[in-house]
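Here is how the chains run, residue by residue.
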Amino acid sequence: MIPTAHAEGMTVRKLFTLAIAVTAALALVLSGCGDDDERGSSESTTTTSESVSGTIIVSAASSLTDAFTTIKHNFVRANPEASITINFGSSEALATQIQEGAPVDVAAFADTTPMTTLDDAGLLAAGPEIFAKNRLFIVTKPGNPANISGLAELGSAGIISLCVDTAPCGEFANQVLADAGVTIPESSITRGTDVKATLTSVTEGDAVAGIVYVTDAQAVADQVAGVEIPEDENVVASYPIAVVTATAQSELAEAFEAYVLSEEGQAVLKEVGFLAP
């Protein structure tokens, strides 16, 4: 797990461990159940015994890369005649692509604002559903050589990696820094187009620290050290999902959305560190 500079860092680890324990317990209960209908509900991606087929494109926030890659694999394994392509990127950029007519069937973002924009424009088949939540986290070079213990040190620690202002991770980072009264000189900021690029500036670039999501920090726990942002200084990012009105594969798109919201999909999200919706 990610080393932390605070005792509060145990909160992230305990939450992650608890989620795994709950998931394991749920799996035992389901496997021990003799009711075929209950087993079918956990293993199927649809509300019927028949699998779905077709091809869809899912536009998803970069912070969902690990979770949605696994979810896609599990979904296609249960629906072998289905083909899913996932386009990962910044939520705001993905929303703009949909507004401009990009062929997208399902949208899953790291913030409600770009999804609301699509909904208001009549580009969603139905209202979006929140399927996960996330928090911000400070990542540093291994060993935390700049001795960063919280947001306050980021103003003078050196090069700090943040997401671009238009990306949810950038907006949220700006918010927590402003709320904490921390100003980082623009000359000390490097900005990534999305959270993955922001993280790479720390793991491979010259940034001494960065602000990313807990889930992204978890994914590279062996390459970074970490500092938890206290709950009263942090933000909670809500992740919405919705089927796009223009889809020609509504049955498959709706089945994929339902799978993300299902117990099996939720188990994958929790395993990589997402909070329950």
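In this report, we go over the structure that sits alongside the text. What you see is a predicted model; the values in this text were computed from it and never measured. (Residues numbered from 1 in each chain as written. Predicted model: local features only at pLDDT ≥ 70, side-chain atom pairs only at ≥ 80, totals over all residues. Heavy atoms only, no water.)

## Overview of unusual backbone geometry
Then comes step 1: Although it is not a glycine, Asn144 sits at a positive phi angle of roughly 50 degrees.
Then comes step 2: Secondary-structure assignment places Asn144 in the loop between β4 (129-140) and β5 (160-163).
Then comes step 3: In this structure Asn144 comes out as buried when scored by relative accessible area, which is 11%. (Helix = DSSP H or I, 4+ residues; strand = E, 2+ residues; numbered from the N terminus. Buried < 20%, exposed > 50% of the residue type's maximum accessible area, 1.4 Å probe, protein only.)

## As for the packing of helix α9 (residues 250-261) against helix α10 (residues 263-271)
Then comes step 1: Here α9 crosses α10 at 60 degrees, and the two axes come no closer than 4 Å. With respect to α10, the axis of α9 lies oblique. Residues Tyr259, Val260 and Leu261 of α9 pack against Glu263, Glu264, Gly265, Gln266 and Leu269 of α10.
Then comes step 2: Considering only residue class, the contact of α9 with α10 consists of four nonpolar, two polar and two charged. (Axes fitted to C-alpha atoms, helices over the stretch in contact; angles between N-to-C directions. Parallel < 35°, antiparallel > 145°, perpendicular 65-115°, else oblique. Contact = heavy atoms within 4.5 Å. Nonpolar A, V, L, I, M, F, W, Y, C, P; charged D, E, K, R; others polar.)

## Things to note about the nonpolar core
Across soluble globular proteins, nonpolar side chains show a tendency to be buried alongside one another.
Then comes step 1: By size, the foremost hydrophobic cluster in this structure holds 65 residues, and its most contacted members are Leu64, Phe68, Phe131, Leu154 and Phe256.
Then comes step 2: When neighbours within four sequence positions are excluded, Phe131 is seen to be in contact with Leu64, Phe68, Ala108, Tyr239, Pro240, Ile241, Val260, Leu261, Gln266, Leu269 and Pro277.
Then comes step 3: Of all hydrophobic cores here, the second largest spans 11 residues; its members include Ala95, Ile98, Val104 and Ala242. (Core = buried A, V, L, I, M, F, W, Y, C linked by side-chain atoms within 4.5 Å.)

## What to know about the environment of Asp232
Then comes step 1: Locating Asp232 in the fold gives a position in the loop between β8 (225-228) and β9 (236-243).
Then comes step 2: Judged by its relative accessible area of 71%, Asp232 falls in the exposed class.
Then comes step 3: Taking C-alpha positions, Asp232 is 9.8 Å from Val176, a pair spaced 56 residues apart along the chain.

## So, the pattern of salt bridges
Then comes step 1: The final tally for this structure, using the stated rule, is four salt bridges.
Then comes step 2: The shortest N-O distance in the salt bridge between Arg135 and Glu231 comes to 3.7 Å. With a gap of 96 residues between them, Arg135 in strand β4 and Glu231 in the loop between β8 and β9 connect regions that are remote in the sequence.
Then comes step 3: Look at Arg135 and you get partly exposed, because its relative accessible area is 23%.
Then comes step 4: On the basis of relative accessible area, Glu231 is assigned to the exposed category, the value being 62%.
Then comes step 5: The salt bridge partner of Glu186 is Arg191, with a shortest N-O separation of 3.9 Å.
Then comes step 6: The exposure class of Glu186 is exposed, given its relative accessible area of 56%.
Then comes step 7: Of the residues examined, Arg191 reaches a relative accessible area of 28% and is grouped as partly exposed.
Then comes step 8: Put simply, Asp165, Glu186 and Arg191 are held in one network by salt bridges that share partners. (Salt bridge = Lys/Arg side-chain N within 4 Å of Asp/Glu carboxyl O.)

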